[in-house]
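Summary of the model geometry
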Amino acid sequence: MRELVFSLAECLDRAIEVQERLLDCLAVQRDAIISGEGSQVEEASAAMEIELLRLGGIESNRTLVASQLADELGIVSARWSALREGLERSEVEYLAGRGARVEDLIRDLELHNTINGQLIGTELEL
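Residues numbered from 1 in each chain as written. Predicted model: local features only at pLDDT ≥ 70, side-chain atom pairs only at ≥ 80, totals over all residues. Heavy atoms only, no water.

1. Side note on the nonpolar core
- Counting 30 residues, the largest nonpolar core has L8, L22, L69, L73, L83, L87 and L95 as its most contacted members.
- Counting residues per element, this core draws most heavily on helix α1 (residues 3–35), at 13 residues.
- Sequence-distant contacts of L22, that is, excluding residues within four places in its chain, are made with M48, E51, L52, L55 and L109. (Core = buried A, V, L, I, M, F, W, Y, C linked by side-chain atoms within 4.5 Å. Buried < 20%, exposed > 50% of the residue type's maximum accessible area, 1.4 Å probe, protein only. Helix = DSSP H or I, 4+ residues; strand = E, 2+ residues; numbered from the N terminus. Contact = heavy atoms within 4.5 Å.)

See below:
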């Protein structure tokens, strides 16, 4: 297996860890919004900002590694749909579960963020 595949997997693993912590922060924030604990809402928001900064760094590194892998494979695009065509089956299998987990977490984060936004809007109206 290529070293860059291991590096890409490591980036995805780190992104998953951060995204899971972000989900936890959103849950804490949601509970604080519902209970009217303004200071806890602010604490959760501050924790999310830190995690988002971490995620930004991880994403930059992931983009770099994916680009290097695309170059190594002779592929123009570093998108997963293009990369998987150039990888060996074992490499695709090694990365696919991680990619799917990242996509699931992104959907969950968007949903929870939307819910919290609606809760805050409702609280402001009250």
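2. Topic: the confidence of the model for the protein
- Residues with a pLDDT of 70 or more make up 97% of the protein, whose mean pLDDT is 94.
- Predicted confidence in the protein is weakest over helix α4 (residues 89–125), with a mean pLDDT of 91, and strongest over α1, with 97. (pLDDT = per-residue confidence, 0-100.)

3. What to know about α1
- Over its 33 residues, α1 runs 49 Å from end to end, which matches the ideal 48 Å to within 8%, given 1.5 Å per residue.
- Where α1 terminates, the next one or two residues include G36, which has phi positive at roughly 75°. (Expected span 1.5 Å × (residues − 1).)

4. Quick notes on the packing of α1 against helix α2 (residues 38–73)
- Interaxial distance between α1 and α2 falls to 9 Å at its minimum, and their mutual angle equals 160°. Taken together, the axis directions place α1 and α2 in an arrangement best described as roughly antiparallel. As for the relative orientation of α1 and α2, their crossing is left-handed in sense.
- Taken together, the residues that form the contact of α1 with α2 break down as 23 nonpolar, seven polar and six charged. (Axes fitted to C-alpha atoms, helices over the stretch in contact; angles between N-to-C directions. Parallel < 35°, antiparallel > 145°, perpendicular 65-115°, else oblique. Left-handed = near helix turned anticlockwise from the far one by under 90°. Nonpolar A, V, L, I, M, F, W, Y, C, P; charged D, E, K, R; others polar.)

5. Some remarks on α2
- Given a rise of 1.5 Å per residue, 36 residues ought to cover 52 Å, and the 51 Å separating the end C-alpha atoms of α2 matches this to within 8%.
- Among the residues of α2, those classed as buried are V41, A44, M48, E51, L55, I58, V65, A66, L69, A70 and L73.
- The elements touched by buried residues of α2 are α1 and α3 (80–86).
- Just downstream of α2, G74 is the residue with a positive phi angle, here 75°.

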